[in-house]
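A look at the structure
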Amino acid sequence: MIEAEVHLSLHNFLRSQEGFPTWPHHLTMARLVARALRLGRSALIQVGAVCGYQGRYRTSFIASALMWHGPVIIVASETVQQRLLNIEIPRLQQWLSGNKPIRTGEVWPGSDFQGLLLTSPQAWLKGQLADNGSFPSNIPTIIDGVDDLEDWVRDQLTQDVQSHDWDQLMLACPQEAEVIREARVQLTHELFQHPENPYNCYLISQREIEILQGLFLALDPDHLPDVWRDFRQKFQNYNEISFSPISPFPVLFWATIARRQGLFSLHYAPIELAKTLTPIWQRQPVVLIGSALEPETEVPLFRQRLGLGDVTCLKFATDSQGEAIQLYAPYKLPLPNTPEFQGAFIHQVRTLVCLSATAPGLTVVLVGDVPLKARVGAILASEFGSRVQVEKTCLDENGILVSGWEFWRSHQGVLPAPRLLIIATLPLPSLENPLVAGRVAYYKRSHQDWFRLYLLPTALNELQRAIAPVRENQGIVALLDSRVVNRSYGAQILAALSPLARLNYLDPSLFSPNNEDNSNME
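Residues numbered from 1 in each chain as written. Predicted model: local features only at pLDDT ≥ 70, side-chain atom pairs only at ≥ 80, totals over all residues. Heavy atoms only, no water.

Attention shifts here to helix 11 (residues 226–236). Of all the residues in helix 11, the buried ones are Trp 228, Phe 231 and Phe 235. Buried residues of helix 11, seen end-on, are gathered within an arc of 60° and therefore sit on one face of the element. Of the surrounding secondary structure, the elements contacted by the buried residues of helix 11 are strand 6 (159–161), helix 8 (163–172), helix 10 (206–218), strand 8 (251–258) and strand 9 (263–270). (Buried < 20%, exposed > 50% of the residue type's maximum accessible area, 1.4 Å probe, protein only. Helix = DSSP H or I, 4+ residues; strand = E, 2+ residues; numbered from the N terminus. Arc of directions from axis to C-beta. Contact = heavy atoms within 4.5 Å.)

Below is the structure:
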């Protein structure tokens, strides 16, 4: 069977690689992927946050894909594709003495192609969502990095009405040009009445709904450009039922504004993804690979949100010794939503940075709150000078990076692993973000536990991925959100961060090579 062949070949290959990064689960993962290819049965694999960050597991599924006798699609980001094409695939092909054709592209090469196609998540999802034959059915597909799958899908499903689309609308409907112009002016006025927020976006208000309804009543549907025809079709059903559990495809409408330019864009996207994605998973067997999707092996919440049915699930255990972090989580800090928090947080940051001043390595301060991030950067820069950079990758060897979550996630792969990671607050999606508030409103109206189903799983995944680089050198994580120790869900967060050693207090010896006496292993 293919499983036995893959096991033997990969085993011999790994033994031949002097200095090759070891991962204890290579053979298990390769057998599971080979089994999925042979049986045509979908699988979902969690490789762990550290392995996901390092990417060591990719050797396993590449070996299975190369040895499989039929065609295979690998869906991965452009960065991962380049690593596969330049390192993983040539090395394995040379060992296996195989000649399987390798292609990259946004569509399937042709009906007679029996090789390996590498494509981007955007291209694959675009073809699958349109079901236009870009990728034929029944071709086994391996999707790498599915921690970001929901974001990829939402980006593909989000439709926009940009500033230039208004000009196209007036050209298409010249007799109603004045009505269109007036509606645009009214919308601009209403949208710019919203108070500023860090996200520059706002859910559509009732007054804005009325303006758009009046516009569509005045226009002939047969003359609308495609963008506007699609927008009108979705907007016709935009009312309270859109957020009802009986609505088949609830939709979220919002606007983004560019205040300096005086421009706005309209957007809409489905709130639920499961009904849209379920037909895709039924067209071909898929192997979905993520790092730390959920604590449970069966990933029930992820599968529910993505419409995944009965799949084989596997979660690899972490290295309890080699991947342990040292966690400082103080008990008596003010809660993040109190006025006292900022001052206490900045004091803790200064203390930690001063204590670690003589220790080599990068320090990262993760702050989700945009104004607080700027303030922390300014205060630290006034004391530590050019060592401090706010969301930049050009850092000194002993640099201090002040960053938001998104920047850190995007750039942690090119930065050195930090010796100290300071986290201001848990990465729970902020209800001040209108898009988060819209999704939460849908959960509430559907009588679902919005915190357990949405906010907490999102935070746990973000948190584990953020600290993965720190595990490489068993560094220190200072989690300065007292909800970790004062809220009932704190136990779930600590469990997700294991293996860890709790630090009871701060002193300079924490940053010396031998500091085990100041911690308790959990």
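The discussion continues.
Within the largest apolar cluster, 38 residues are counted, with the highest numbers of intra-cluster contacts made by Ile 423 and Ile 493. Those elements giving two or more residues to this core turn out to be strand 12 (325–328), strand 13 (363–366), helix 16 (405–411), strand 16 (420–423), helix 17 (434–445), helix 18 (450–471), strand 17 (476–479) and helix 20 (490–497). No other element matches the 10 residues that helix 18 contributes to this core. If we ignore the near neighbours within four places in the chain, the residues touching Ile 423 are Phe 345, Leu 366, Trp 405, Leu 463, Ile 467, Val 477, Ala 478, Leu 479 and Leu 480. Listed in part, the 36 residues of the second largest apolar core include Leu 27, Trp 68, Val 80 and Leu 84. (Core = buried A, V, L, I, M, F, W, Y, C linked by side-chain atoms within 4.5 Å.)

Right, let's talk about the pairing of strand 17 for a bit. Burial of the side chains of strand 17 extends over both faces: Ile 476 and Ala 478 are buried on one face and Val 477 and Leu 479 on the other. The pairing of strand 12 with strand 17 spans 3 bridges and is classified as parallel. From the neighbouring strand, Gln 326 faces strand 17, where its bridge partner is Ile 476. Where strand 16 and strand 17 come together, 4 bridges link them in parallel fashion. Bridging from a neighbouring strand, Leu 421 pairs with Val 477 of strand 17. (Pairing = 2+ DSSP bridges.)

Once that is clear, we can look at the UniProt feature "domain: ATP-dependent helicase C-terminal" (unreviewed entry) in the chain. In this structure's numbering, the residues bearing the UniProt feature "domain: ATP-dependent helicase C-terminal" (unreviewed entry) are residues 419–499. With 57% helix and 10% strand, the stretch residues 419–499 has end C-alpha atoms that lie 17 Å from each other. (UniProt positions renumbered as here; feature names shortened; annotations may be inferred.)

Moving on: the packing of helix 1 (residues 2–16) against helix 2 (residues 26–39). Taken N-terminus to C-terminus, the directions of helix 1 and helix 2 make an angle of 150°; their axes are 9 Å apart at the nearest point. Looking at the two axes, helix 1 sits roughly antiparallel to helix 2. Here helix 1 and helix 2 pass one another in a crossing that is right-handed. Each of Ile 2, Glu 3, Val 6, His 7, Leu 10, His 11 and Leu 14 in helix 1 lies in contact with helix 2, whose residues at this interface are His 26, Leu 27, Ala 30, Arg 31, Ala 34, Arg 35 and Arg 38. (Axes fitted to C-alpha atoms, helices over the stretch in contact; angles between N-to-C directions. Parallel < 35°, antiparallel > 145°, perpendicular 65-115°, else oblique. Left-handed = near helix turned anticlockwise from the far one by under 90°.)

We now examine the pattern of salt bridges. A pair can form between side chains of opposite charge whenever their charged atoms are brought close. For the structure on display, the rule yields 19 salt bridges. Between Arg 305 and Glu 150 there is a salt bridge; the shortest N-O distance is 3.0 Å. Placement of Arg 305 in helix 13 (residues 300–306) and of Glu 150 in helix 7 (residues 149–157) is noted, with a sequence separation of 155 residues between them. Judged on exposure class, the residue Arg 305 and its partner Glu 150 are both buried. The salt bridge partner of Asp 167 is Arg 184, with a shortest N-O separation of 3.5 Å. Here Asp 167, found in helix 8, pairs with Arg 184, found in helix 9 (residues 177–191); they are 17 residues apart in sequence, far enough to count as distant. (Salt bridge = Lys/Arg side-chain N within 4 Å of Asp/Glu carboxyl O.)

Our focus in this paragraph is the environment of Gln 326. Looking at where Gln 326 falls in the secondary structure, it is placed in strand 12. We classify Gln 326 as buried; its relative accessible area is 9%. Sequence separation of Gln 326 and Arg 471 is 145 residues, and the distance between their C-alpha atoms is 8.9 Å. Here Gln 474 takes part through its backbone oxygen, which lies 3.2 Å from a polar atom of the side chain of Gln 326. (Polar contact = N/O pair within 3.5 Å; in protein donor to acceptor, adjacent residues only side chain to side chain.)

It is worth spelling out the sheet that holds strand 7 (residues 201–203) at this point. Sheet architecture is open: 4 strands sit in the order 6-9-8-7, paired in antiparallel fashion. In this open sheet, the two edge strands, each paired with only one partner strand, are strand 6 and strand 7. Recorded for the sheet is a direction-independent mean angle of 25° between the axes of neighbouring strands. On top of the sheet, helix 17 reaches strand 7 and strand 8; it is set at about 25° to strand 7, its chief contact.

So, on to the side chain of His 267. On the secondary structure map, His 267 appears in strand 9. Of note is the side chain of His 267, whose polar atom sits 2.8 Å from the side chain of Thr 256.

Another point: the packing of aromatic side chains. One pass over the structure, following the stated rule, counts 21 aromatic pairs. With 6.2 Å between their ring centres and 65° between their planes, Phe 216 and Trp 228 make a pair best called edge-to-face. A residue pair is termed long-range when its members are at least 10 positions apart, and Phe 216 in helix 10 and Trp 228 in helix 11 qualify at 12 residues. Take Phe 216: its relative accessible area is 8%, and that puts it in the buried class. In textbook terms, an aromatic cluster arises when at least three aromatic residues are bridged by ring pairs, as seen for Trp 166, Phe 216, Trp 228, Phe 231, Phe 235, Phe 253, Phe 264 and Tyr 268. The side chain of Arg 103 reaches across the aromatic face of Phe 113, ending 5.9 Å from its centre. Lying across the ring of Tyr 454, Arg 439 places its NZ or CZ 4.0 Å from the centre. (Phe/Tyr/Trp six-rings, centres within 6.5 Å; stacked < 30°, edge-to-face > 60°. Lys NZ or Arg CZ within 6 Å of the ring centre and 35° of its normal.)

Moving on: empty space enclosed by the protein. Counted according to the given criterion, the structure contains 1 cavity of 30 Å³ or more. Residue lining of the largest cavity: Ser 356, Ala 359, Pro 360, Gly 361, Leu 362, Thr 363, Asn 398, Arg 419, Leu 420 and Phe 511, and that is the complete set. Among the residues making up the lining of the largest cavity, the classes are represented as 5 nonpolar, 4 polar and 1 charged. (1 Å grid on protein atoms, 1.4 Å probe; cavity = no way out; pocket = protein on both sides within 12 Å on 5 of 7 lines; lining within 4 Å. Points joined across faces, edges and corners; volume = space filled by probe spheres on them. Nonpolar A, V, L, I, M, F, W, Y, C, P; charged D, E, K, R; others polar.)

Among the structural elements, Pro 334 can be located in the loop between strand 12 and helix 14 (341–355). Once the C-alpha coordinates of Pro 334 and Leu 66 are considered, the two residues, 268 residues apart in sequence, prove to be 55 Å apart. Setting aside residues no more than four positions away along its own chain, Pro 334 makes contact with Glu 340, Phe 341, Ala 344 and Ser 482.

A few words on the state of the cysteines. Summed over the entire model, instances satisfying the criterion amount to 0 disulfides. The thiol sulfur of Cys 313 is not disulfide-bonded, and the nearest other cysteine sulfur, from Cys 51, lies at 18 Å. Note on Cys 313: relative accessible area 13%, which makes it buried. (Disulfide = S-S within 2.5 Å.)

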